[in-house]
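Structural description and commentary
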Amino acid sequence: MNKIDHSLLNKEQFGKDFLWGVSTAAFQIEGAHDAEGKGASIWDVFTSQKGKIKNGHHAINACNFYNTYKDDIQLIRQLNIPNFRFSISWSRIMPTGVHPVNQAGIDYYNKIIDFLIECEIEPWITLYHWDLPHALELKGGWTNRECVSWFSEYTEVCAQYFGDRVKNWMVINEPSVFTGAGYFLGIHAPGKKGITNYIKAMHHVTLATVAGAKILRNKVIDANIGTTFSCTHIEPFSDKPADVQAAKRVDTLLNRTFIEPILGLGYPQGDLPVLKKLNNYILKEDLDNLAFDFDFIGLQCYTREVVRSSMLIPYIGAELVTAEKRNVITTEMGWEVYPPALYHVLKRFNGYKNIKKIIITENGAAFPDTVTNGKVYDIKRTHFIQDNLEQILKAKHEGLNVDGYFVWSLTDNFEWAEGYNARFGLIHVDFDTQKRTIKQSGLWFGEFLSKQN
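Rules and cut-offs
- Residues numbered from 1 in each chain as written.
- Predicted model: local features only at pLDDT ≥ 70, side-chain atom pairs only at ≥ 80, totals over all residues.
- Heavy atoms only, no water.
- Salt bridge = Lys/Arg side-chain N within 4 Å of Asp/Glu carboxyl O.
- Helix = DSSP H or I, 4+ residues; strand = E, 2+ residues; numbered from the N terminus.
- Core = buried A, V, L, I, M, F, W, Y, C linked by side-chain atoms within 4.5 Å.
- Buried < 20%, exposed > 50% of the residue type's maximum accessible area, 1.4 Å probe, protein only.
- Expected span 1.5 Å × (residues − 1).
- Pairing = 2+ DSSP bridges.
- Axes fitted to C-alpha atoms, helices over the stretch in contact; angles between N-to-C directions.
- Parallel < 35°, antiparallel > 145°, perpendicular 65-115°, else oblique.
- Left-handed = near helix turned anticlockwise from the far one by under 90°.
- Contact = heavy atoms within 4.5 Å.
- Nonpolar A, V, L, I, M, F, W, Y, C, P; charged D, E, K, R; others polar.
- Phe/Tyr/Trp six-rings, centres within 6.5 Å; stacked < 30°, edge-to-face > 60°.
- Lys NZ or Arg CZ within 6 Å of the ring centre and 35° of its normal.

1. Section: the pattern of salt bridges
Going through the model one piece at a time under the given rule, you end up with 26 salt bridges. For the salt bridge of R85 with E362, the shortest nitrogen-to-oxygen distance reads 3.3 Å. On the criterion of sequence distance, the pair formed by R85 in strand β2 (residues 83-87) and E362 in strand β8 (residues 358-362) is long-range, its members being 277 residues apart. The partner of D271 in a salt bridge is R256, with the nearest N and O atoms 2.8 Å apart. Here D271, found in the loop between α11 (259-262) and β6 (296-309), pairs with R256, found in helix α10 (residues 241-256); they are 15 residues apart in sequence, far enough to count as distant.

Encoded structure:
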């Protein structure tokens, strides 16, 4: 398919049922870290530790969404965005991670849901976006098998209080990232390291994903249930067999390890032998609790990675050839700007026969943005979104399954270990004053969504 002129992009090209939205996460936007009975999360604790977050940033205030949610939801409506994805802070509604429930937390999310519906914006809830209650981490967190029952208890509460109005649910966000960065590398909360922590967390998160989905199916009438995965297009550095095999192992780790068991395919141990360590923790009864028939799968894709063989790297025998070393255009995160990655990921995941629907639940880019005369001219982000939409159109024209696109993110926010340095928002936030300024990318997206043929 020939490259599309950006000016010719029209939402009608994607079909009338295509879902358009914007995504956020509680810890990254809410602030109010201990307001009205909220308990501490692992990220509250992690950000308070010296040297963990760039420039010593923290999320005590973040974007103050806790108090400004009405204004921000009005901005979503102003930009003609029909679907809003947000996550529930587990420790806001269950301060210790289990009963009792904090009614003030329930009331807060009910207010958000009700105001979204009043504004004719569809709420999409993510149950878990990385902010485990600290009280549960003290008991081992995701390395403790009991986390499956803790998460089930939490899911039941959310279904009970929000399921009468919220029909779109995502169970867990990017398990490969929060287990890998938080339990193997130690660069994200809770800061644990080691293969044993990672393997345990991997299995327990998979069990929890299925347990949560089953509860939603049972408790929420007409629920549309999905879960989301971080996906990266992987290419070998050369056509040498060692590099090709290294790329296959990295692809297995990043793209297959979490989705294949929930699709009923089991863990891909044959292509990544270190996963055989999972057998130490898989009980007989687990085999009936690893798969679920999801209504949709959320894919989150930002870039590609180029991989070469390296026997110095344990377990995986591979290393990334960074974008910087390859001298390619990058975002503020150091990620290569490579829109075809989204097309390749869609093609790849369309290969799984038992995925009913695919929604791109996150896609976006961080660039350094400045407010000039009250405006933010973020042409690079605008082009990034347009280029990625072209890749979705290419996939659709080939008959591939893709049913929606959610931009990450609504506003600039607390970007985990990067603090406030990496700005992904369609809306600029001055973190000193909390002033919002819609960026050029946001204005473009709003206009794109408003146009009819």
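Moving on from the model shown.
2. Some points on the nonpolar core
One finds W90, W142, F151, F162, W169, L389 and I392 to be the most contacted residues of the largest nonpolar core, which totals 133 residues. No other element matches helix α9 (residues 195-219), which puts 12 residues into this core.

3. Section: helix α14 (residues 379-397)
An ideal rise of 1.5 Å per residue puts 27 Å on 19 residues; α14 measures up with 27 Å between its terminal C-alpha atoms. Just past α14, the residue G399 takes up positive phi, approximately 85 degrees.

4. Things to note about the pairing of strand β1 (residues 19-23)
With four of five residues buried, β1 lies mostly within the body of the structure. Where β1 lies against strand β9 (residues 404-408), five bridges are found, and the strand directions are parallel. Residue pairing for β9: S23 is matched across the bridge by W408. Sheet topology note: the β1/β2 ladder contains three bridges and is parallel. Across the sheet, the residue bridging to G21 is N83, located in β2.

5. Quick look at the packing of helix α7 (residues 147-162) against α9
Contact geometry of α7 with α9 gives a least axis separation of 9 Å together with a crossing angle of 30 degrees. The angle between α7 and α9 falls in the class roughly parallel. Judged by the twist between their axes, the crossing of α7 over α9 is right-handed. The segment α7 lies against α9, with C147, V148, F151, S152, T155, E156 and A159 engaging H204, L207, A208, A211, G212, I215, L216 and K219. Its residues assigned to classes, the contact of α7 with α9 shows nine nonpolar, four polar and two charged.

6. Considerations on α7
In an α-helix, one full turn covers 3.6 residues, which means residues spaced three or four apart are oriented alike. The first and last C-alpha atoms of α7 sit 22 Å apart over 16 residues, in line with the 22 Å expected at 1.5 Å per residue. For α7, the full list of buried residues reads C147, V148, W150, F151, S152, Y154, T155, V157, C158, A159 and F162.

7. Notes on the environment of I355
Relative to the elements of secondary structure, I355 occurs in the loop between α13 (340-349) and β8. Residue classification places I355 among the buried positions, given a relative accessible area of 9%. Separated by 73 residues in sequence, I355 and H428 place their C-alpha atoms 36 Å apart. With near-sequence residues (within four places) excluded, I355 lies in contact with I259, L263, I297, F349 and N401.

8. Quick look at the packing of aromatic side chains
Scanning the model with the defined rule gives 42 aromatic pairs in all. Between W43 and F46, the aromatic rings sit 5.3 Å apart at their centres with planes inclined by 75 degrees, giving edge-to-face as the arrangement. Separated by three residues within a single helix, W43 and F46 lie in helix α2 (residues 42-47), roughly one turn from each other. For the pair W43 and F46, one class covers both residues: buried. Members of the aromatic cluster, joined through ring pairs, are F27, W43, F46, W130, F414, W416, Y420 and F431. The positively charged end of R92 is found above the aromatic ring belonging to Y108, 5.7 Å away from the centroid. Lying over the aromatic face of Y343, K394 brings its terminal NZ or CZ to 4.1 Å of the ring centre.

9. Points about the environment of L127
Relative to the helices and strands, L127 resides in strand β3 (residues 122-128). Along the primary structure L127 and W169 are separated by 42 residues, whereas in three dimensions their C-alpha atoms are 7.5 Å apart. Excluding anything up to four places from it in sequence, L127 contacts I88, F151, Y154, T155, C158, W169, M170, V171 and L216.

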